[in-house]
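Remarks on the overall topology
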Amino acid sequence: MAVRWELLRRDPASAARLGRLHTPHGVIETPVFMPVGTQATVKTLNPEEVWDLGARIILSNTYHLYLRPGHDLVQEAGGLHRFMNWKGAVLTDSGGFQVFSLADLRKITEEGVQFRSHIDGSTHFLSPEKAIAVENALGADIIMAFDECTPWPCDYDYAKRSIERTARWAARCKAAHARPDEQALFGIVQGSTFADLRRQSAEEIVALDFPGYGIGGLSVGEPKELMHEMLEVQVPLLPDDRPRYLMGVGSPEDLVEGVWRGVDMFDCVLPTRIARHGTVFVPDGKMTVRNAEFARDFLPIQEGCDCYACRNFSRAYIRHLLKADEMLGLRLCSIHNLRFLVRLMEEIRAALAAGTFAEYRKAFLERWHAGEAERRERARAAGGAGHAPGPAEPLLPENR
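Residues numbered from 1 in each chain as written. Predicted model: local features only at pLDDT ≥ 70, side-chain atom pairs only at ≥ 80, totals over all residues. Heavy atoms only, no water.

**As for the UniProt feature "binding site: substrate" (unreviewed entry) in the chain**
Stated precisely, the cut-off is as follows: UniProt positions are given in the numbering used here, feature names are shortened, and annotations may be inferred rather than shown by experiment. Strands here mean DSSP runs of E at least two residues long; helices mean DSSP runs of H or I at least four residues long; both are numbered from the N terminus. Burial classes follow relative accessibility: with a 1.4 Å probe on protein chains only, a residue under 20% of its type's maximum area counts as buried, one over 50% as exposed, and anything between as partly exposed. Contacts between residues were defined by any pair of non-hydrogen atoms, one from each residue, lying within 4.5 Å. The definition of a polar contact used here is a pair of N or O atoms within 3.5 Å, where within protein one atom must be able to donate a hydrogen and the other to accept one, and adjacent residues in sequence count solely through side-chain atom pairs.
As recorded in UniProt, the feature "binding site: substrate" (unreviewed entry) lies at D93, S94, G95, G96, F97, D147, Q190 and G217. Structurally, the position occupied by S94 is in the loop between strand 6 (89-93) and helix 5 (96-101). We classify S94 as buried; its relative accessible area is 3%. Not counting chain neighbours up to four residues away, the residues in contact with S94 comprise T62, L126, A131, E135, M144, A145, F146 and D147. Of the polar contacts made by the side chain of S94, one reaches the backbone oxygen of A145; its length is 3.1 Å. The topology assignment puts Q190 in the loop between strand 11 (184-189) and helix 8 (195-206). Ignoring any residue separated from it by four or fewer positions in sequence, one finds Q190 in contact with D147, E148, C149, T150, I163, T166, L197, R198, S201, G216, G217 and Q234.

**Brief notes about the sheet that holds strand 7 (residues 106-108)**
Here is the rule we go by: By definition, two strands form a pair when at least two bridges between them are found by DSSP. Axis lines are fitted to C-alpha atoms, over the contacting stretch for helices. Their N-to-C directions set the angle, which ranges from 0 to 180 degrees.
Strand order in this open sheet of three strands is 7-8-9, and the pairing throughout is antiparallel. The sheet is open, and its two borders are formed by strand 7 and strand 9 (123-126), each paired with just one other strand. Recorded for the sheet is a direction-independent mean angle of 15° between the axes of neighbouring strands. Note: strand 7 against strand 8 (residues 113-116), three bridges, orientation antiparallel. Bridge pairing in strand 8 places R106 opposite F115.

**Some points on the UniProt feature "binding site: Zn(2+)" (unreviewed entry) in the chain**
Look at the UniProt record and you will see "binding site: Zn(2+)" (unreviewed entry) annotated at C305, C307, C310 and H336. Annotated residues spanning 32 residues; largest pairwise C-alpha distance 8.4 Å, indicating a single compact cluster. Here C305 shows up in the loop between strand 16 (285-288) and helix 12 (308-312). Here C305 is in contact with C310, R311, H336 and R343, once residues within four sequence places are set aside. With respect to the element layout, H336 can be found in helix 14 (residues 327-354).

**Quick notes on the nonpolar core**
Under the convention used in this document: Nonpolar cores were defined as sets of buried Ala, Val, Leu, Ile, Met, Phe, Trp, Tyr and Cys residues, with membership established by side-chain atoms within 4.5 Å.
Judged by nonpolar contacts, the single largest core of 92 residues is most densely connected at I215, F266, I348 and F357. Judged by nonpolar contacts, the second largest core, of 21 residues, contains V3, V36, I57 and M265.

Below, the structure is given as structure tokens:
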């Protein structure tokens, strides 16, 4: 197989697993967070910087690369790895999330989805077969099946029709896959927030025997408790010897809770998206360094952090860059946030190896939630926005 997942250790207190993902472009220790390089680049960082952060696999987006510069051009350049000069592994999503987020610009049929480009309004048609052909051309190590991602909330009948269509499309994706020895095709389970549909979707997609499974349709606006509940329903139904990938999830507390419930892989634009507004992760929550309180703060973003930003610059300097609209400010915040999540996963793996993940989870979540609550209280007292990441920047479809 193009990709193989190896179980190293089970956590005695939870569903968490320590594992190793073998790919054509290297071995990835799991659980793992994958930085998102939507347009074949992690925003504001070069590939060497992403590698130096400790990342060994990144995600790129089929929808965006299909529209610009075109999958044929990427194939002509030698595939995504050579095109973007990335020596690690690459996963491409199918573009389904982006297409279905274009609510007023697309039409769904059994054959596929007709949609208008958010770039120039041109009309396109993406079917399961076309999505797989595009992903085959892009050449990622792991490619995702074309699925229908339901919004939240949605009604039960719509969600049921959607998972049944997703299962039919998954079978078509598998039949269309032209490079199974070079690229691993993962299926995607859906079901919105309905437990019985989550079970049905898992049964139907698992029956198709994919080498890995994505969990879609979560972290789309539903309460976190509901996301946790759906994971507890669906994850145990996925094969124990295959990797499980929770799509579009990247907040630190969600990574810890996802691992606790048996998830092995995560991705999200969140760390670079909030960095563009000067918001950074620290162990006790999120902090917005462009706020006035940091104007004369000469500490690093996070004391003890080993990232380039924290080793070399102060909060005051980074705030100055952000206020002056200097690109370096965005880069430094992005470097820190990505390193924070990569290091978080390193710490989780170490705790799993030592059999202390339950204690690690408890300490991390207590500190994180206490810090977030304190910032919210200070914001209310000051009549401000606390650590709000600035003006709304829609996740759909450009920024997801």
